[in-house]
Amino acid sequence: MESETRSDRPAVVLVEDEPDLAAMARDFLVREGFLVLPAADVRAGLRLLETEHVDLVVLDLGLPDGNGLDLLRAVRGRDNPLPVIVVTGRGEEADRVVGLELGADDYVVKPYSQRELAARIRAVLRRSTAPPPAATAIRVGGLVIDTGAREVRRAGTPIALTPREYGLVEFLASAPGHTFSREQLLDHVWGSSSRWQAPTTVDEHVYRVRRKLLAAGVTEPRITTVRGFGYRLDS
């Protein structure tokens, strides 16, 4: 019966050291149809990853026995990396940015609503289990976006991007010169909306993509800001 229960429900490792918050999140997610595997520290989280079938990790970055970023590195270093949603406090922007750089799929900021957390988990799971589209190569300016390999290259050399950064470049490159609002980008790239996620997360990712493209010597195409609205890719 236990194995049937596990196979029927997405298994979420909830790494949270605040007992009251962990209990509220666990109870709500269970009612929403998830199997929740709680862990109060890095060591317990690693043990669950080694012994249990897991579909997604919700990871508080501030843990008593170490930095949650260490656990994130371990998750992303697996042969089949799991999707991860990181949890940070309002004053922990630096940790949030590093988490996204390390490949976190999404983030929530405390205090968050349990309904918001459940919605983000569903959105990330949908993206991670969606069948891959037919491979194509999009060429814009000096870039080649290989949708099969999910890789951006300049002069044959890959540019190191996180999964979300790659998704942002691919979506913008699908319609060069077209301006997308932040809300449209949240919808198409994050599978989210401004109800659940601050549009500033788009700005953070655009900033990092611009920096990486410049470091790789890419001057065209460039991501252009349309003040008060959104972004477009210009070549």
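Our structure's up above, just so we're on the same page.
To start, this report covers the structure provided alongside it. For clarity, every value in this text was computed on a predicted model and none was experimentally measured. (Residues numbered from 1 in each chain as written. Predicted model: local features only at pLDDT ≥ 70, side-chain atom pairs only at ≥ 80, totals over all residues. Heavy atoms only, no water.)

### A word on the side chain of Asp105
Looking at the element boundaries, Asp105 is found in the loop between helix H5 (93-101) and strand E7 (106-109). Non-local contacts of Asp105, meaning those with residues more than four positions away in its chain, are made with Arg76, Leu82, Pro83, Val84, Val124, Arg127 and Arg164. (Helix = DSSP H or I, 4+ residues; strand = E, 2+ residues; numbered from the N terminus. Contact = heavy atoms within 4.5 Å.)

### Digging into the nonpolar core
With 26 residues, the main nonpolar core has Ile145, Val152 and Leu185 as its most contacted residues. Contributing elements (two or more residues each) for this core: strand E8 (137-140), strand E9 (143-146), helix H7 (163-173), helix H8 (182-190), helix H9 (200-215) and strand E14 (230-234). Sorting elements by how many residues they give to this core places H7 first, with six residues. If you look at the next biggest cluster of nonpolar residues, it comprises 25 residues, including Ala11, Val42, Leu48 and Leu71. (Core = buried A, V, L, I, M, F, W, Y, C linked by side-chain atoms within 4.5 Å. Buried < 20%, exposed > 50% of the residue type's maximum accessible area, 1.4 Å probe, protein only.)

### Points about the packing of aromatic side chains
This model, assessed by the stated rule, comprises one aromatic pair. Between Phe171 and Phe180, the aromatic rings sit 4.6 Å apart at their centres with planes inclined by 45°, giving tilted as the arrangement. (Phe/Tyr/Trp six-rings, centres within 6.5 Å; stacked < 30°, edge-to-face > 60°.)

### Description of the sheet that holds E9
Ordered in space as E8-E9-E10-E11, the four strands form an open sheet in which the pairing is antiparallel. Edge positions in the sheet fall to E8 and strand E11 (157-159), since each of these pairs with one other strand and no more. Going from strand to strand, the sheet's axes swing by 30° on average, the running direction of each strand aside. In this structure, E9 lies alongside strand E10 (residues 151-154), joined through four bridges in antiparallel fashion. Residue pairing across strands places Asp146 opposite Glu151, the latter belonging to E10. (Pairing = 2+ DSSP bridges. Axes fitted to C-alpha atoms, helices over the stretch in contact; angles between N-to-C directions.)

### Quick notes on helix H2 (residues 19-31)
Each turn of an α-helix holds 3.6 residues, which means side chains three or four residues apart point in the same direction. An ideal rise of 1.5 Å per residue puts 18 Å on 13 residues; H2 measures up with 18 Å between its terminal C-alpha atoms. Inspection of H2 places Leu21, Ala22, Ala25, Phe28 and Leu29 among the buried residues, and these make up the whole buried set. Axial view of H2: buried residues confined to an arc of 140°, hence all on one face. Pointing more than 90 degrees away from the buried face of H2 are the exposed residues Pro19, Asp20 and Arg31. Packing partners of the buried residues in H2 comprise strand E1 (11-15), strand E2 (35-39) and helix H6 (114-129). A positive phi of about 100° marks Gly33, the residue just after H2. (Expected span 1.5 Å × (residues − 1). Arc of directions from axis to C-beta.)

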